[in-house]
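The primary structure of each chain is shown beneath.
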Amino acid sequence: MDFTFTEEQQAAAEAARGVFAGVVPDAVPSPALTAGAVAEDFDRALWTRLAEADLLSLVAAEAYGGAGLDAIALCLVLREAAKVLARVPLLEHSAAVAAVQTHGDEELRSALLARAGRGEVVLTVAANGRTGHDPAELGVTARQEGQDWILDGVQTAVPWAYGADLVVVPAHTAADRTVLALVPRPHAGVTLAEQISTTGERLAELRLESVRIAERDVIDGDGAWEWLRDLLATGTCALALGLGERVLRMTSDYTSKREQFGFPVATFQAVAVQAADRYIDLRAMEATLWQAAWRLASGAQGALPVSGDVAVAKIWAADGVRRVVQTAQHLHGGFGADVDYPLHRYHAWAKHLELSLGPASAHEESLGDLLAAHTLA
């Protein structure tokens, strides 16, 4: 395992830093001061700049106008996006593109990938199930009727659904298989109910009532949903890492300037120890993230399935991002709650990421089940 990034991966990260350089976290009203959504839509101007920098086509093959890069490159870009709280469906869109690229047939790839890479079609993924606590694929049923699939069910907390053109919906069949349906929005039988995340962004409860989807818009390959789910989770870990790194930098800058008793508080042992602990959290988050991304990108075999590496990354990311922002709030004192200072926004986004990942204890239990089922050499 070699964590040295390729020139192409480094170029993607550099391009992302250039695009995100002008993005400010407080471009929309504070979620702490807004009863509803902070904005009706995602940042379309930023979306256009991402398309122009070829960052929306990062994981698509060159034949479809993409760069043909992998999950590692995507996570490098997501890491940069989180540092500025970029309000775009970059993770969901890119993961959906990757799923179509990897598991879709040629007709679907030809119809969708080039347009998605140019930002003309926006994709998101319904990955939270009916309640957010049950497997996403159990929230919707799918049955074939002639050349079409019929979908019924509910998916909650669908990110960016109001601005998306297509929602990738996992659904289970009577044969206990999972398919991925690309559901247009709007579409007959599809309704959205607004939900608001801790970040102040619009989510949606997606209801499907006898929704008819053409067979060409359904991915029914074995393992497609599991692969997409792991990629979404790994990408969320990348967002948590980027956010945590920016918050620790903010904390370092603040405590280096804030003085007590004539000395910067950063020189106090209690402050330095807490910051050091959070630095260790971030390095653990980083190592486990790249392990998971490398397994997804390379397809390399290991003692455990790739879901084991993803579980370890989620354990560190879910707990780590929470500890980082809590320590930051503590070391900032009352200043951290000032709505004119961006730390409270990062705290809200960190809580959203933590909830999206799920509790570390649940991932520890899943990892334990994997260890029990696989003999380690």
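Residues numbered from 1 in each chain as written. Predicted model: local features only at pLDDT ≥ 70, side-chain atom pairs only at ≥ 80, totals over all residues. Heavy atoms only, no water.

Looking at the overall build of the chain
What counts, and what does not: Secondary structure elements follow DSSP: runs of H or I of four or more residues count as helices, runs of E of two or more count as strands, with numbering from the N terminus. Throughout, radius of gyration means the C-alpha value; the globule benchmark is 2.2 Å times the number of residues raised to the power 0.38. Exposed residues in this analysis have more than 50% of their type's maximum accessible area, buried residues have under 20%, and partly exposed residues fall in between, with area computed by a 1.4 Å probe over protein chains only. Areas reported here follow the Shrake-Rupley algorithm with a probe of radius 1.4 Å; residue values treat only the protein chains shown as occluding.
Along the backbone of the chain there are 10 helices and 10 strands. At 21 Å, the chain has a C-alpha radius of gyration in line with the 21 Å of a compact globule built from 377 residues. Going through the 377 residues of the chain one by one, you find that 52% of them count as buried. Roughly 16,400 Å² of accessible area belongs to the chain as shown, and the carbon and sulfur atoms make up 52% of that amount.

Examining the pattern of salt bridges
This is how the line gets drawn: Counted as salt bridges are all cases of a side-chain nitrogen of Lys or Arg within 4 Å of a carboxyl oxygen of Asp or Glu.
Scanning the model with the defined rule gives 26 salt bridges in all. Where Glu 201 meets Arg 87, a salt bridge forms, and the shortest distance between an N and an O atom there is 2.6 Å. Of the two residues, Glu 201 is situated in the loop between β6 (190-196) and β7 (202-214) and Arg 87 in the loop between α3 (71-83) and α4 (90-103); the sequence distance between them amounts to 114 residues. Accessibility assignment for this pair places Glu 201 and Arg 87 in one class, buried. The salt bridge partner of Arg 177 is Asp 222, with a shortest N-O separation of 3.9 Å. With a gap of 45 residues between them, Arg 177 in the loop between β4 (166-172) and β5 (178-184) and Asp 222 in the loop between β8 (218-219) and α6 (224-257) connect regions that are remote in the sequence. A residue is classified by how much of its surface remains accessible, and Asp 222, at 68% relative accessible area, is exposed. Several salt bridges share partner residues, and in doing so they unite Glu 14, Arg 17, Arg 79, Glu 80, Lys 83, Glu 245, Arg 283 and Glu 286 into one network.

Quick look at the nonpolar core
Cut-off, in case you're wondering: Among the buried residues, those of types Ala, Val, Leu, Ile, Met, Phe, Trp, Tyr and Cys that are joined through side-chain atoms within 4.5 Å form a nonpolar core. Residue contacts follow a heavy-atom distance rule, with two residues in contact if any of their heavy atoms lie within 4.5 Å.
In terms of nonpolar packing, the biggest core is built from 93 residues, with Phe 20, Leu 50, Leu 123, Leu 228 and Leu 243 touching the most fellow members. The element that contributes the greatest number of residues to this core is α6, accounting for 16 residues. In this view, Leu 50 contacts Val 19, Phe 20, Leu 55, Leu 56 and Val 88; residues no more than four positions away in its chain are not counted. In terms of nonpolar packing, the next biggest core, distinct from the first, is built from 20 residues, Ala 126, Val 158, Val 167 and Ile 213 among them.

With respect to the pairing of β6
So the rule is basically this: Here, any two strands with at least 2 DSSP bridges between them count as paired.
Where β6 lies against β7, seven bridges are found, and the strand directions are antiparallel. Paired with Val 190 across the two strands is Leu 208, which belongs to β7. Where β6 hands over to β7, the hairpin turn is made up of five residues, of which Gly 200 adopts a positive phi near 90°.

A few points about the side chain of Thr 199
Which entries qualify depends on this criterion: We call two N or O atoms a polar contact when they sit within 3.5 Å, provided that within protein one can donate a hydrogen and the other can accept it, with sequence-adjacent residues counted only if both atoms are side-chain atoms.
Relative to the elements of secondary structure, Thr 199 occurs in the loop between β6 and β7. Residue classification places Thr 199 among the buried residues on the basis of a relative accessible area of 5%. Side-chain polar atoms of Thr 199 contact the side chain of Ser 197, separated by 2.5 Å. Beyond its immediate sequence surroundings of up to four residues, Thr 199 is in contact with Pro 31, Val 38, Ala 348, Trp 349 and His 352.

Quick word on unusual backbone geometry
With an omega dihedral of 5°, the bond running from Arg 185 to Pro 186 counts as a cis peptide bond. Structurally, the position occupied by Pro 186 is in the loop between β5 and β6. Notably, Leu 85 is not glycine yet its phi reads approximately 55°, a positive angle. Positionally, Leu 85 belongs in the loop between α3 and α4. A positive phi angle is found at Ala 157, which is not glycine, with a value near 50°. Along the polypeptide, Ala 157 turns up in strand β3 (residues 148-159).

A word on the state of the cysteines
To keep things clear, this is the line we draw: When the sulfur atoms of two cysteines come within 2.5 Å, that pair is taken as a disulfide.
For the structure on display, the rule yields zero disulfides. With no disulfide of its own, Cys 237 has Cys 75 as its nearest cysteine by sulfur position, at a separation of 8.2 Å. What makes Cys 237 buried here is its relative accessible area of 3%.

Topic: the packing of aromatic side chains
The line we're drawing: Only Phe, Tyr and Trp rings are paired, with Trp represented by its six-membered ring, and only when their centres lie within 6.5 Å; those with planes under 30 degrees apart are stacked, over 60 edge-to-face, the remainder tilted.
Inspection of every chain in the model, using the stated rule, returns five aromatic pairs. With a centroid separation of 5.1 Å and 75° between ring planes, the pair formed by Phe 5 and Trp 290 is classed as edge-to-face. A residue pair is termed long-range when its members are at least 10 positions apart, and Phe 5 in the segment before α1 (7-20) and Trp 290 in helix α7 (residues 269-298) qualify at 285 residues. We classify Phe 5 as partly exposed; its relative accessible area is 24%.

Notes on the packing of α6 against α7
Convention followed: Note on geometry: axes are lines fitted to C-alpha atoms, helical ones only across the stretch in contact, with angles between N-to-C directions running from 0 to 180 degrees. For classification, angles of less than 35 degrees are called roughly parallel, those exceeding 145 degrees roughly antiparallel, those between 65 and 115 degrees roughly perpendicular, and all remaining angles oblique. Put simply, a crossing is left-handed when the front helix is turned counterclockwise from the back one by less than a right angle, and right-handed when it is turned clockwise.
One can describe the packing of α6 onto α7 by two numbers: an axis separation of 9 Å at closest approach and a directional angle of 155°. Viewed along their axes, α6 and α7 adopt a mutual orientation that is roughly antiparallel. In the packing of α6 onto α7, the handedness of the crossing is left-handed. Residues Trp 227, Asp 230, Leu 231, Thr 234, Cys 237, Ala 238, Ala 240, Leu 241, Gly 244, Glu 245, Leu 248 and Thr 255 of α6 pack against Val 271, Ala 275, Arg 278, Tyr 279, Leu 282, Arg 283, Met 285, Glu 286, Leu 289, Ala 292, Ala 293 and Leu 296 of α7.

Some words on helix α10 (residues 360-373)
Worth spelling out the cut-off: Multiplying 1.5 Å by the helix residue count minus one yields the expected span of that helix. The reported arc concerns the directions from the helix axis to the C-beta atoms and nothing else.
For α10, which comprises 14 residues, the first-to-last C-alpha distance of 20 Å matches the rise-based estimate of 20 Å (1.5 Å per residue) to within 8%. Regarding α10, the residues found buried are Ala 360, His 363, Leu 367 and Leu 370. For α10, the buried positions fall inside an angular range of 75° around the axis, keeping them on one side. Turned more than 90 degrees from where α10 packs its buried face, Glu 365, Asp 369, Ala 372 and Ala 373 sit exposed. At its buried positions, α10 is contacted by α8 (306-332) and α9 (343-357).

So, a negative patch on the surface
Going by this rule: Patch definition: residues with relative accessible area over 30% and no salt bridge; like charges joined within 9 Å; nonpolar side chains (Val, Leu, Ile, Met, Phe, Trp, Tyr) joined within 5 Å. When charges are counted, Lys and Arg contribute as positive and Asp and Glu as negative, whereas His and the chain ends are disregarded. To locate a charge, take NZ of a lysine, CZ of an arginine, CG of an aspartate or CD of a glutamate.
Residues Asp 105, Glu 107, Glu 215 and Asp 220 make up a contiguous surface patch of negative charge. By the element assignment, Asp 220 lies in the loop between β8 and α6.

Don't take any of this as a statement about function, it's just geometry.
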